[in-house]
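Breakdown of the fold
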Amino acid sequence: MPSNKTEKSVSGFVSILGRPNAGKSTLLNSLVGSKVAIVSSKPQTTQQAIQAVVTLGHAQVVFLDTPGIHQGDLLIHKRMMMAVHAALDQRDLLLWIADATQNIDEEEKRALQLLKDRDAPAFLLLNKVDRLRNKQQLLPLMEGFTQEIPFRECLPVSALTGEGLDELLGLIVAAMPEGPRYFPEDYLTDQPERHLAAELIREKILDATHQEVPHSVAVLIENWEEAGGLTRIHAQIVVEREGHKKIIIGSRGAMLKQIGTLARQEMESILGRKLFLQLFVKTRSKWRQSAEFLNELDWRYMAGGSQS
Ligand SMILES: Nc1nc2c(ncn2[C@@H]2O[C@H](COP(=O)(O)OP(=O)(O)OP(=O)(O)O)[C@@H](O)[C@H]2O)c(=O)[nH]1
Ligand SMILES: [Mg+2]
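Figured I'd write up the structure that's included with this text. This is a predicted model, so every value here is computed, not measured. (Residues numbered from 1 in each chain as written. Chains lettered and ligands numbered in written order. Predicted model: local features only at pLDDT ≥ 70, side-chain atom pairs only at ≥ 80, totals over all residues. Heavy atoms only, no water.)

1. A few points about the pairing of strand S4 (residues 93-99)
- Of all 7 residues making up S4, 7 are buried, and the element is well covered by its neighbours.
- The side-chain alternation of S4 yields two buried faces, one formed by Leu93, Leu95, Ile97 and Asp99 and the other by Leu94, Trp96 and Ala98.
- Strand direction decides the pairing type here: strand S1 (residues 10-17) and S4, joined by 4 bridges, are parallel. The partner of Leu17 across the bridge, within S4, is Trp96. (Buried < 20%, exposed > 50% of the residue type's maximum accessible area, 1.4 Å probe, protein only. Helix = DSSP H or I, 4+ residues; strand = E, 2+ residues; numbered from the N terminus. Pairing = 2+ DSSP bridges.)

Okay, structure coming up:
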C-alpha cells in the first residue's frame with residue numbers, strides 16, 4: 001500500500017485468538033512476512049504471547065499471537081490462559097481463527113464465549129481453506145459461528161498459502177482507529193533473538209517427538225556470546241523424565257545432533273549470521289508446575305515486565 005501524506009495515520013492493537021492448532025502463529029508469520037512465532041502440528045505449541053508489527057504506509061498494526069485456548073490443570077496451562085485473557089482487553093480488533101476443515105464442536109463453542117461482550121469488534125477467519133475440496137461447506141460453518149458471536153467480518157483464508165490475506169489486511173487497516181505510529185517503520189517484534197532461538201530449538205523437538213514428549217520440553221538459552229563474527233549459543237533442553245531425555249538424545253546422540261543442525265540452520269537464515277550451537281539435555285521433574293522455572297522461561301518476566 002503506497003504511503004499517502006494526505007491520508008490520516010491509523011494504528012491499533014489486534015489479538016489473534018483461537019483453539020490450539022487453528023493456525024494463529026502461521027497467520028502471524030504470514031502477516032508480518034517473517035518467522036517470529038514457531039509453528040507445529042502438535043497442539044499447544046505457543047506458550048507465550050508474541051507481538052509483531054506490520055507497517056503499511058500510513059497504517060501500523062500491532063499483532064499479538066496467543067496460546068491456543070484450552071483447559072489444562074498444570075500451572076503452565078494456567079499461565080498460557082492468563083496470556084489469552086490479557087490479550088482480550090484494550091484491543092482495537094480481535095481475530096478469531098478456526099480450522100475450516102473441522103466442524104464447530106463444544107470445545108470451540110466454549111472457547112468462543114471469551115469473545116462475548118468485548119468492546120472490540122471481532123473477525124472470524126476460517127483457515128486452512130487450501131485443504132477444502134468443497135468450499136460450499138464454509139457457509140454452514142460460518143452460520144454456526146455467527147450464531148455464537150456477531151462477527152463483523154467472516155473470511156475464508158489460508159494462513160499457509162496466503163489466500164485471502166491481502167483482503168484481510170485491508171479490512172484490518174480499515175478497522176483501525178486514527179493513531180500514531182507506535183514503532184519505527186522497520187520494527188518487527190519485541191521478542192529478543194535469544195527467545196526466538198530457544199523457540200526454534202523447541203520447534204525442531206516438537207517436529208521430531210510424539211505423544212507426551214513434545215509437551216514436556218522447555219528450552220533455556222544458558223549462554224550467548226558474540227565474538228569474531230560468530231554467535232556462540234549454549235542452550236539447555238529441559239524435560240520432565242529420564243525417558244524423555246533418552247528419546248531426545250537418541251541413539252548415539254543422533255536425534256540431538258539432528259535437532260541442533262536443523263535449529264542452527266534456520267536461526268542462521270533468520271538472523272543472517274553464522275552460529276555455533278551447543279545443546280544439553282537436563283531433567284527437571286514437574287517443571288510445568290514450577291512458578292520459578294516458568295518465570296525463568298518467560299522473557300518478559302525476566303526483563304522486569306509483567307507476567308504474560
Ligand atoms: N493446510 C494448512 N495448514 C495450516 C494452515 N495454517 C496452519 N496450518 C498448519 O496447522 C498446524 C498448526 O499451526 P500453528 O500456526 O502452529 O497453529 P496455532 O494456532 O498457532 O497452534 P497453537 O500455538 O498450538 O495454539 C501446523 O501444522 C501448520 O502448518 C493453512 O492455512 N493451511
Ligand atoms: Mg501458535
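2. Some details on the site of ligand 1
- In the vicinity of ligand 1 there are 23 residues, among which Lys24, Thr26, Gln44, Thr45 and Asp130 approach most closely.
- Contact distances for ligand 1 include 2.7 Å between an oxygen atom and a backbone N or O atom of Thr45.
- Between Gly68 and ligand 1, the recorded distance is 3.2 Å, taken from a backbone N or O atom to an oxygen atom.
- Relative to its free-state accessible area of 660 Å², ligand 1 is covered by the protein chains to the extent of 90%.
- A total of 3 residues in the shell around ligand 1 trace back to one element, the largest contributor, which is helix H1 (residues 24-32).
- Residue classes in the shell around ligand 1 are distributed as 6 nonpolar, 12 polar and 5 charged. (Near = heavy atom within 4 Å. Polar contact = N/O pair within 3.5 Å; in protein donor to acceptor, adjacent residues only side chain to side chain. Areas by Shrake-Rupley, 256 points an atom, 1.4 Å probe, with all protein chains shown as cover. Nonpolar A, V, L, I, M, F, W, Y, C, P; charged D, E, K, R; others polar.)

3. Concerning the sheet that holds strand S8 (residues 230-239)
- If you trace the 3 strands from one edge of the open sheet to the other, you get S7-S8-S9, paired in mixed fashion. Looking at the sheet topology across the chains shown, the edges are occupied by strand S7 (218-227) and strand S9 (274-283). The mean angle between the axes of side-by-side strands here comes to 15°, regardless of whether they run parallel or antiparallel.
- As defined by bridge partners, S8 adjoins S9 across 10 bridges and the pair is classed as parallel. Bridge assignment links Ile237 to a residue of S9, and that residue is Val281.
- Relative to S7, helix H6 (residues 193-208) is tilted by about 130°, and along the sheet it contacts S7, S8 and S9.
- Strand contacts of helix H8 (residues 254-271): S7, S8 and S9, with the helix running at about 140° to S9, the strand carrying the most contacts. (Axes fitted to C-alpha atoms, helices over the stretch in contact; angles between N-to-C directions. Contact = heavy atoms within 4.5 Å.)

4. Quick look at the pattern of salt bridges
- The final tally for this structure, using the stated rule, is 19 salt bridges.
- One salt bridge connects Asp89 with Arg118, and the closest N-O pair in it is separated by 3.2 Å. With Asp89 in the loop between helix H2 (75-86) and S4 and Arg118 in the loop between helix H3 (106-112) and strand S5 (122-127), this pair connects stretches of sequence that are 29 residues apart.
- On the basis of relative accessibility, which here comes to 45%, the residue Asp89 falls in the partly exposed class.
- Residues Lys109 and Glu106 are paired through a salt bridge, measuring 3.9 Å at the closest nitrogen-oxygen approach. Of this pair, Lys109 and Glu106 both sit in helix H3, 3 residues apart, which is roughly one turn of that helix.
- Each member of the salt-bridge network shares a partner with another, and the members are Lys35, Glu203, Lys204 and Glu266. (Salt bridge = Lys/Arg side-chain N within 4 Å of Asp/Glu carboxyl O.)

5. Points about the packing of aromatic side chains
- As enumerated under the stated definition, the model contains 3 aromatic pairs in all.
- Arg232 extends its terminal NZ or CZ atom over the ring of Phe276, reaching a point 5.0 Å from the ring centre. (Phe/Tyr/Trp six-rings, centres within 6.5 Å; stacked < 30°, edge-to-face > 60°. Lys NZ or Arg CZ within 6 Å of the ring centre and 35° of its normal.)

6. A few points about the nonpolar core
- Counting 31 residues, the largest nonpolar core has Leu27, Leu28, Phe63, Leu95, Leu168 and Ile172 as its most contacted members.
- Those elements that place two or more of their residues in this core are S1, H1, strand S2 (50-56), strand S3 (59-65), S4, S5 and helix H5 (165-175).
- For this core, the element with the most residues is H5, which contributes 6 residues.
- Those residues in contact with Leu168 that sit more than four places away from it in its chain are Leu27, Leu31, Leu95, Phe123, Leu125 and Leu155. (Core = buried A, V, L, I, M, F, W, Y, C linked by side-chain atoms within 4.5 Å.)

7. Regarding the coordination of the magnesium ion (ligand 2)
- Here the magnesium ion (ligand 2) is held by the protein donor atoms Ser25 (OG) and Thr46 (OG1), which lie 2.0 to 2.1 Å from it. Of this pair, Ser25 sits in helix H1 while Thr46 sits in the loop between H1 and S2; the two residues are 21 residues apart in sequence, bridging distant segments of the chain.
- The class of Ser25 is buried, set by a relative accessible area of 7%.
- By relative accessible area, which is 9% here, Thr46 ends up buried. (Donors = N, O, S within 2.8 Å, 3.2 Å for Na, K, Ca; no water.)

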